[in-house]
Amino acid sequence: MDFTVKKYTKLLQSLINQDYSFQTFDDFISNPNKRVVVLRHDVDLLPNNSLEFARIQAENKVKGTYYFRAVPESWDEKVIKEISALGHEIGYHYECLTTCNGDLKKGILDFEINLKALRALAPVSTICMHGSPMSRYDSKDLWKTYSYKDYAIIAEPYFDVDFEQVFYLTDTGRRWDGHKVSVRDRVQTSMKETFHTTDQIINAVETLPNQIMFTFHPQRWNDDKGMWAKELVLQNTKNVIKKFFFVNK
């Protein structure tokens, strides 16, 4: 079975065995290693799933980056503090133009308030857009008017990573080739190698590029069969909707 915590642990171990270093996104931007994996986690739902990932990484002396939304289904202060205490990076998963219906002034105020609240729980130096695929608004557009660097934010993955050099793998759509049905979790790159399953990545790990960014949505990874099946059905349904109504428009 794919998208289980057991499968995730196997993937992580395969990367460790290939002598990759692991950097938080903050560390990678500041001083990138030549052979490195950046483990990015978008905490959209079920924050305890992300805590489980963070604990597994800590047990293996690996650090990752966790982006929290400012909504009840993501924002769990106890989880945020514990993940930070384990040595991982905490970031803000902003969606301000979605929540503020495209209003730029309200959006930047929303950004400021939520960033301040998150910084009261843990240091925050990077941010990452939440795609909100069913929304007409792209929250990255906030930065056409404002600058996140005015808020002591050093980087945002969609703006500050050269994906011609950094191989990007995301589990969007609960598949590793989910960019085909993704509305906003896409990057510009000429790298053509793609995977569908986690096992395909594991089997090819010896030939992967030297610099990789993974994006995980930990709510999609479950050992519990009921939760696993629920997520499978939900994501397959969402993929069909996104492709028909948004991607193919």
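Here is a short report on the structure shown in this document. (Residues numbered from 1 in each chain as written. Predicted model: local features only at pLDDT ≥ 70, side-chain atom pairs only at ≥ 80, totals over all residues. Heavy atoms only, no water.)

## Quick notes on the pattern of salt bridges
According to the stated counting rule, one finds 9 salt bridges in the structure shown. Among the salt bridges present, the one from Arg69 reaches Glu95, with a minimum N-O distance of 2.7 Å. With Arg69 in the loop between β3 (65-68) and α4 (77-85) and Glu95 in the loop between β4 (89-94) and α5 (96-99), this pair connects stretches of sequence that are 26 residues apart. Here Arg69 matches Glu95 in class, with each residue buried. In this structure, Lys140 engages Asp138 in a salt bridge whose closest nitrogen and oxygen atoms are separated by 3.0 Å. According to the relative accessible area criterion, Lys140 is buried, its value standing at 18%. Using a relative accessible area of 18% as the deciding quantity, one classes Asp138 as buried. Taken together, the shared-partner salt bridges connect Asp171, Arg220 and Glu231 into one network. (Salt bridge = Lys/Arg side-chain N within 4 Å of Asp/Glu carboxyl O. Helix = DSSP H or I, 4+ residues; strand = E, 2+ residues; numbered from the N terminus. Buried < 20%, exposed > 50% of the residue type's maximum accessible area, 1.4 Å probe, protein only.)

## Some thoughts on the packing of aromatic side chains
As enumerated under the stated definition, the model contains 21 aromatic pairs in all. For the ring pair Trp143 and Tyr148, a centre distance of 5.4 Å and an interplane angle of 85 degrees mean the geometry is edge-to-face. Looking at Trp143, the relative accessible area reads 11%, which means it is buried. Residue classification places Tyr148 among the buried positions, given a relative accessible area of 7%. (Phe/Tyr/Trp six-rings, centres within 6.5 Å; stacked < 30°, edge-to-face > 60°.)

## Focus: the nonpolar core
Phe111, Trp176 and Phe214 are the most contacted members of the largest nonpolar core, which totals 67 residues. Aside from chain neighbours lying at most four places away, what touches Phe214 is Leu11, Leu15, Val37, Val38, Leu39, Arg40, Leu169, Trp176 and Ile201. (Core = buried A, V, L, I, M, F, W, Y, C linked by side-chain atoms within 4.5 Å. Contact = heavy atoms within 4.5 Å.)

## A look at helix α6 (residues 104-119)
When the terminal C-alpha atoms of α6 are compared, their 22 Å separation across 16 residues agrees well with the 22 Å that a helix rising 1.5 Å per residue should span. Next to the buried residues of α6 lie α4, β4, α5 and β5 (127-129). (Expected span 1.5 Å × (residues − 1).)

## Description of a nonpolar patch on the surface
Together, Leu45, Leu46 and Met227 make up an exposed nonpolar region whose accessible area comes to about 210 Å². Along the chain, the position of Leu46 falls in the loop between β2 (36-43) and α3 (47-59). (Patch = residues over 30% accessible without salt bridge, like charges linked within 9 Å, V, L, I, M, F, W, Y side chains within 5 Å. Areas by Shrake-Rupley, 256 points an atom, 1.4 Å probe, with all protein chains shown as cover.)

## Focus: α4
Buried within α4 are the following residues: Val79, Ile80 and Ile83. Here the buried residues of α4 occupy an arc of 100 degrees about the axis, which is enough to place them on one side. Within α4, the exposed residues directed more than 90 degrees away from the buried face are Lys78 and Ala85. By the N-cap criterion, in which a side-chain oxygen at the helix start approaches the backbone nitrogen of a residue two or three places on, α4 is capped by Asp76, the distance to Lys78 being 3.1 Å. Positioned one or two residues after α4, Gly87 has a phi angle of 100 degrees, which is positive. (Arc of directions from axis to C-beta. Polar contact = N/O pair within 3.5 Å; in protein donor to acceptor, adjacent residues only side chain to side chain.)

## Observations regarding the pairing of strand β7 (residues 211-216)
Counting buried positions over the 6 residues of β7 gives 6, a clear majority of the element. Relative to β7, β2 runs parallel, the two sharing 6 bridges. Looking at β7, one finds that Val36 is bridged to Gln211. Pairing of strand β6 (residues 167-170) with β7, which is carried by 4 bridges, proceeds in the parallel orientation. Following the sheet pairing, Leu169 is matched in β7 by Phe214. (Pairing = 2+ DSSP bridges.)

## Description of the packing of α3 against α4
Two numbers describe how α3 lies on α4: the axes approach to 10 Å, and their chain directions differ by 15 degrees. By the angle between their directions, the pair α3 and α4 is classed as roughly parallel. When the axes of α3 and α4 are compared, the crossing they make is left-handed. Counted together, Pro47, Asn48, Ser50, Leu51, Ala54 and Arg55 of α3 and Val79, Glu82 and Ile83 of α4 form the full contact between these two elements. For the contact of α3 with α4, the class distribution of residues is 5 nonpolar, 2 polar and 2 charged. (Axes fitted to C-alpha atoms, helices over the stretch in contact; angles between N-to-C directions. Parallel < 35°, antiparallel > 145°, perpendicular 65-115°, else oblique. Left-handed = near helix turned anticlockwise from the far one by under 90°. Nonpolar A, V, L, I, M, F, W, Y, C, P; charged D, E, K, R; others polar.)

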